[in-house]
Amino acid sequence: MTIDLKPAPVLQELIDDLETKICRLTTELAMLEGEVAPRYLVHGIEKQLDILEAVLERVDSQQELMNLKQNSISLN
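Computed from a prediction, not measured in an experiment: that's the story for all the values here.

1. A look at the environment of Asp-50
Thought 1: As for its position among the elements, Asp-50 is in helix α2 (residues 39-75).
Thought 2: By relative accessible area, which is 46% here, Asp-50 ends up partly exposed.
Thought 3: For Asp-50 and Ile-22, which are 28 residues apart along the polypeptide, the C-alpha to C-alpha distance reads 9.3 Å.

Dropping the structure here:
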């Protein structure tokens, strides 16, 4: 049995939540495109996906920066 003593990334829970929400909305969008759905509904989901993907990208970048800072502190 191996025990990982490295701390989990601070923002990992948020990253996981964002990825789950994006996956759910992508599935919902795919199901709507197979039906005759109102355009405003499809457009709304597309906009939500755009926003969530942009937020996820920024959170990922922030986590990478935090990791680099932590590694830099560890090396000093």
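Now that the structure is up, let's keep going.
2. Focus: the side chain of Gln-63
Thought 1: Position of Gln-63 relative to the elements: it lies in helix α2.
Thought 2: Exposure remark for Gln-63: the relative accessible area of 5% places this residue in the buried category.
Thought 3: Looking at Gln-63, its side chain comes within polar contact range of the main-chain nitrogen of Val-10, at 3.3 Å.
Thought 4: Among the polar contacts listed, one links the side chain of Gln-63 to the backbone nitrogen of Leu-11, at a separation of 2.8 Å.

3. Here's the deal with the environment of Val-55
Thought 1: You can see Val-55 is positioned in helix α2.
Thought 2: Residues Val-55 and Ile-15, 40 residues apart in the sequence, show an inter-C-alpha distance of 9.3 Å.

4. Section: the nonpolar core
Thought 1: Ranked by size, the top nonpolar core spans 13 residues in total, and within it Ile-45 and Leu-49 carry the most contacts.
Thought 2: Those elements that place two or more of their residues in this core are α1 (12-33) and α2.
Thought 3: The residues contacting Leu-49, other than those within four sequence positions of it, are Ile-22, Leu-25, Thr-26 and Leu-29.

Conventions adopted
- Residues numbered from 1 in each chain as written.
- Predicted model: local features only at pLDDT ≥ 70, side-chain atom pairs only at ≥ 80, totals over all residues.
- Heavy atoms only, no water.
- Helix = DSSP H or I, 4+ residues; strand = E, 2+ residues; numbered from the N terminus.
- Buried < 20%, exposed > 50% of the residue type's maximum accessible area, 1.4 Å probe, protein only.
- Polar contact = N/O pair within 3.5 Å; in protein donor to acceptor, adjacent residues only side chain to side chain.
- Core = buried A, V, L, I, M, F, W, Y, C linked by side-chain atoms within 4.5 Å.
- Contact = heavy atoms within 4.5 Å.

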